[in-house]
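Commentary on secondary and tertiary structure
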Amino acid sequence: MNKKNLGAISVIICFSFFLCGCSLNIVPVSHTNEYIVTALGFDCQEEILKVTAETLIVSTEQASEQANTKIFFAEAEKIPAAMEKISEKATQSLEMSHCAVAIIGESVTPHYMKEICDYFYKTQGLTLSAFFVATENAEKLLSQKAVSSVAVGYDIVSILEKQGNHSGTKFKNRYFEIEAARKSKTCTFALPLIKTEGEDIIYNGAVVYSNLKSALTLKDEQLFFYALANDIQGKGTVFLNGKEIKINSAYTSYKTKKEGQKVKITANISIDTKQNDILTSKTVENEIKKLFLLSQQTKIDILKIGDLLYHREKSFFTENKDFYEKVEYSVNINEE
């Protein structure tokens, strides 16, 4: 068949479509979206766990399209079951490798705190360096509008970085650090407390967890002395008695000595307190001793003395369940 005949046939076919009133429908190719989990929130209601997943919706076919966030909720007795429900709502599997933060609501029980930690350990794709933070209600926090980035989860990470750089307090709240604390003898750790204030998301202190249970909230001055005693305070700016105090350096080490039925523990704290009439050596000593007394009263190992005794005075630790009653605690300040 020559080219002239082929062209004629094509014209006839097209003309026939018009004569019979037929039309050619072109079905547009649908865009494929990828749901990237940026944060996971956890709350409890009686024996049910509520999981909130913040997802970033990214088009894998049109890179020019702006990414949007979408929040999914699901309730179940187990986290995998809740996540399966969320995947069904998203109509596809979720990309977990960019989950930056786990948000723990105050209603989360020790049982579910353990399950959350186990889930982060076992789930493929979840990073071991994800941050853990505490809040009053995780669903409410993730329902806020992102301010400085594309997602609330990433806003929280930015808040943590700014807080650490400004105050000098370096929380050990990445998952692998929480896991290490969880497997320690006294299982005590602190999570930064993130709250909502109107449309803003703010850092508002820290929550101390004991045996995976939210046990104590620390704010302002008390939090600074906690950080100092636990050697997570570095160079930064803190507020004491309403005044801004610059810390040029801070370092804490512990010395133990067994005497009879007791163990003497000395906290050696090196801190720059010169030219400062507020953060005096006596103030530091008194405030950290208050934390020791609080630990005795509440049975919460705020100063992580249990871990110290286990590694340095193991027999004493093993024989004395209420070791705080047989510990003499003192603070030695080395001014720099």
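To continue, consider the confidence of the model for the protein chain. Averaged over all residues, the pLDDT of the protein chain equals 87, while 87% of them reach at least 70. Here residues 6-31 is modelled with pLDDT under 50, and outside its nearest four sequence neighbours on either side it reaches 9 contacts, counting other chains as well.

Relative to strand 9 (residues 213-218), strand 8 (residues 200-210) runs antiparallel, the two sharing 5 bridges. Its bridge partner lying in strand 9, Ser210 is registered against Lys213. Connecting the antiparallel pair strand 8 and strand 9 is a turn made up of 2 residues, with Asn211 showing a positive phi of about 50 degrees.

What follows concerns a nonpolar patch on the surface. Together, Tyr121, Leu128 and Phe176 give the surface a local cluster of nonpolar side chains, amounting to about 340 Å² of exposed area. You can call Leu128 partly exposed: its relative accessible area is 43%.

Tallying each qualifying case throughout the model produces 13 salt bridges. Between Lys183 and Glu179 there is a salt bridge, and its shortest N-O distance comes to 3.5 Å. A residue is classified by how much of its surface remains accessible, and Lys183, at 61% relative accessible area, is exposed. Since its relative accessible area comes to 9%, Glu179 is described here as buried. Between Lys262 and Glu328 there is a salt bridge, with the nearest N and O atoms lying 3.9 Å from each other. Of the two residues, Lys262 is situated in strand 13 (residues 262-271) and Glu328 in strand 14 (residues 327-335); the sequence distance between them amounts to 66 residues. Put simply, Lys114, Asp118, Glu179, Arg182 and Lys183 are held in one network by salt bridges that share partners.

What counts and what doesn't
Residues numbered from 1 in each chain as written. Predicted model: local features only at pLDDT ≥ 70, side-chain atom pairs only at ≥ 80, totals over all residues. Heavy atoms only, no water. pLDDT = per-residue confidence, 0-100. Contact = heavy atoms within 4.5 Å. Pairing = 2+ DSSP bridges. Helix = DSSP H or I, 4+ residues; strand = E, 2+ residues; numbered from the N terminus. Patch = residues over 30% accessible without salt bridge, like charges linked within 9 Å, V, L, I, M, F, W, Y side chains within 5 Å. Areas by Shrake-Rupley, 256 points an atom, 1.4 Å probe, with all protein chains shown as cover. Salt bridge = Lys/Arg side-chain N within 4 Å of Asp/Glu carboxyl O. Buried < 20%, exposed > 50% of the residue type's maximum accessible area, 1.4 Å probe, protein only.

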